[in-house]
Amino acid sequence: MPPPPRAEIPGPADVLVVGLGPAGAAAAVSLARAGWRVTAVDRSTGAPEKVCGDGLTADALRALEALGLSGPVLREARRLDRLEIHGPGGGRAVVRGNFASLPRARLDALLRAEARAAGAGVLAPCTPAAPLERDGRVTGALVAGAATRGAVLPLRARVTLLATGAAARPLRCFGILERAAPWAAGARLRLEVPGGAPGAGKAALAIRFDRALCPGYGWVFPGPGATVNLGVGVFYRRGRPPGRAGLAELWHRFAAGFAPAAAALRSGRVLAPLRAAPLRCGLSGSRPWRPGLLAVGEAAGLTLPLIGEGVGKALESGLLAADLVRAFLEGRLPESELGPAYASEIQARWGRLHHGYRRGQRWLASPRVCDFFVRRARRGGYVRRQIEGTLAETTHLGTLFTPLGLLRSMFS
């Protein structure tokens, strides 16, 4: 029997992208289009199902437009312009916004296809075994998997982008992990429901702050066609997770107790079973860079506190990293300034936004506070405008939770 063929070692790249979710794919597309040699590795050959609400908010839509991909995505997505917010006590408020809904697997597939079309070389399935280093600087990675036919291959690059999501192991492996435990977790199930999502949320995204979930919420998000995404997101109190069994129990409690979710579950056919995954939020848990390496998306803790939205910031951070890496490769940015410039830009662009969501998360851990703000969003213009501005990122949620913001919430 002849020996198995040997895996070919790709030549040195300008950029190695580890992980082809939204963050890694956005960076790969941008850099490959600019003519740089990009090698991307991912643990999956295709775009697997992800634990995600599938909602795309204004930041994600802007980033897709910057990539030239808003047309292909929106042709398949469901467009929505309302968010219904349900309080623990049963109150309801409606805010306006710019939203779309598309299953993450399909979004990732479109992004991966564009990365290949732009000229990025993709090696999958394989995972990083260890970083390549020289004098304390990351110079690529050792990777292994089915795509390497069992061999451990060295992939060298001038810059490595780590886009591996919430998993702690790659962050530890590449020397940037600061906290192994995540800050939150989500669980979701996707259904096909005749006629679409029933009741609340039929033409809108719908979330409910349940007493058992605060800080966190359950959601009913209608998708393309007759699909519906039912999920819960829970932010850990004092760092204590509910555990996999506890998260499933919370999901079932939400699905049984929120009438639109219960109706969808009764009449729907399961397309993707209940799955759970951790979340890294709040610009914490890992360092965003070390020499030769930038972390993008959730690997850098860019998922937003309170709402758990991560696709927009993943795409935006991938584009930001690509811009700075391009400046370095073109000689416009010294290598010693690449990491500090990236960290500085993250804080300048999204530091206040994350701070506002963290503050909101602390306040909205109280069901009574949730009910108060739902009532004021329904009756008063100020709270509604602040929420709409936060979703559009023209303001941030923290302005609500100041003495002046609370006073204005009561009377306007």
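The structure presented is a predicted model; accordingly, all values stated were derived computationally and were not measured. (Residues numbered from 1 in each chain as written. Predicted model: local features only at pLDDT ≥ 70, side-chain atom pairs only at ≥ 80, totals over all residues. Heavy atoms only, no water.)

(A) Just the overall build of the protein, in detail. Of the regular secondary structure elements, the protein holds 12 helices and 16 strands. For a compact globule of 412 residues, the expected C-alpha radius of gyration is about 22 Å, and the protein comes in at 22 Å, within 12% of that figure. Considering only C-alpha atoms, the protein reaches an extent of 65 × 50 × 40 Å along its principal axes. Across the 412 residues in the protein, those meeting the buried criterion constitute 56%. With an accessible surface of roughly 16,900 Å², the protein has 54% of that area assigned to carbon and sulfur atoms. (Helix = DSSP H or I, 4+ residues; strand = E, 2+ residues; numbered from the N terminus. Rg over C-alpha atoms; globule rule 2.2 N^0.38 Å. Buried < 20%, exposed > 50% of the residue type's maximum accessible area, 1.4 Å probe, protein only. Areas by Shrake-Rupley, 256 points an atom, 1.4 Å probe, with all protein chains shown as cover.)

(B) Local environment of the side chain of Ser30. Tracing the backbone shows Ser30 in helix H1 (residues 22–33). Overall, Ser30 belongs to the buried group, its relative accessible area being 14%. In this structure Ser30 touches Leu319, Ala322 and Arg326, once residues within four positions along its chain are discounted. (Contact = heavy atoms within 4.5 Å.)

(C) Geometry of the packing of helix H8 (residues 311–329) against helix H9 (residues 335–363). With their axes 10 Å apart at the nearest point, H8 and H9 run at an angle of 150° to one another. By the angle between their directions, the pair H8 and H9 is classed as roughly antiparallel. The crossing of H8 and H9 is right-handed. Facing H8, whose interface residues are Lys313, Glu316, Ser317, Leu320, Ala321, Leu324, Val325 and Phe328, H9 presents Glu335, Leu338, Ala341, Tyr342, Glu345, Ile346, Arg349, Trp350 and Leu353. Partitioned by chemical class, the residues of the contact of H8 with H9 number 11 nonpolar, one polar and five charged. (Axes fitted to C-alpha atoms, helices over the stretch in contact; angles between N-to-C directions. Parallel < 35°, antiparallel > 145°, perpendicular 65-115°, else oblique. Left-handed = near helix turned anticlockwise from the far one by under 90°. Nonpolar A, V, L, I, M, F, W, Y, C, P; charged D, E, K, R; others polar.)

(D) Highlighting the side chain of Arg112. Relative to the helices and strands, Arg112 resides in helix H4 (residues 104–118). Non-local contacts of Arg112, meaning those with residues more than four positions away in its chain, are made with Leu20, Asp42, Ser44, Thr45, Gly46, Ala47 and Pro48.

(E) Layout of the pattern of salt bridges. Counting across every chain of the model gives 24 salt bridges. Arg190 serves as the salt-bridge partner of Asp54, at 2.8 Å between the closest nitrogen and oxygen. Residue Asp54 is located in the loop between strand E2 (38–41) and strand E3 (55–56), and its partner Arg190 is located in strand E10 (residues 184–192); the two are separated by 136 residues in the primary sequence. Both residues of the pair, Asp54 and Arg190, count as buried. Among the ionic pairs, Arg92 bridges to Glu84, the shortest N-O distance being 3.3 Å. Overlapping salt bridges, with partners in common, bring together Asp59, Arg62, Lys313, Glu316 and Glu393 in one network. (Salt bridge = Lys/Arg side-chain N within 4 Å of Asp/Glu carboxyl O.)

(F) Seen up close, the packing of H1 against H8. Two numbers describe how H1 lies on H8: the axes approach to 7 Å, and their chain directions differ by 35°. Judged by the twist between their axes, the crossing of H1 over H8 is right-handed. Taken together, the residues of H8 that come into contact with H1 (itself represented by Pro22, Ala23, Ala26, Ala27, Ser30 and Leu31) are Val311, Ala314, Leu315, Ser317, Gly318, Leu319, Ala322, Val325 and Arg326. Here the contact of H1 with H8 is built from residues that sort into 11 nonpolar, three polar and one charged.

(G) Local environment of the pairing of E10. Counting buried residues in E10 gives eight out of nine residues, a clear majority hidden from the surface. Where E10 and strand E13 (residues 227–235) come together, nine bridges link them in antiparallel fashion. Within E13, the residue paired with Ala187 across the bridge is Val232. Sheet analysis places E10 next to strand E14 (residues 269–279), joined by eight bridges and oriented antiparallel. The residue bridging Arg188 from the neighbouring strand is Arg275, located in E14. (Pairing = 2+ DSSP bridges.)

(H) Inspection of the environment of Thr148 at higher detail. When you line up the elements, Thr148 lands in the loop between strand E8 (137–144) and strand E9 (152–162). The buried category is assigned to Thr148, whose relative accessible area is 0%. As for Thr148 and Leu123, which are separated by 25 residues in sequence, their C-alpha atoms are 8.2 Å apart.

(I) Structural context of the state of the cysteines. In total, this model carries zero disulfides according to the counting rule given. As a non-bridged cysteine, Cys370 has Cys214 as the owner of its nearest cysteine sulfur, 3.9 Å distant. (Disulfide = S-S within 2.5 Å.)

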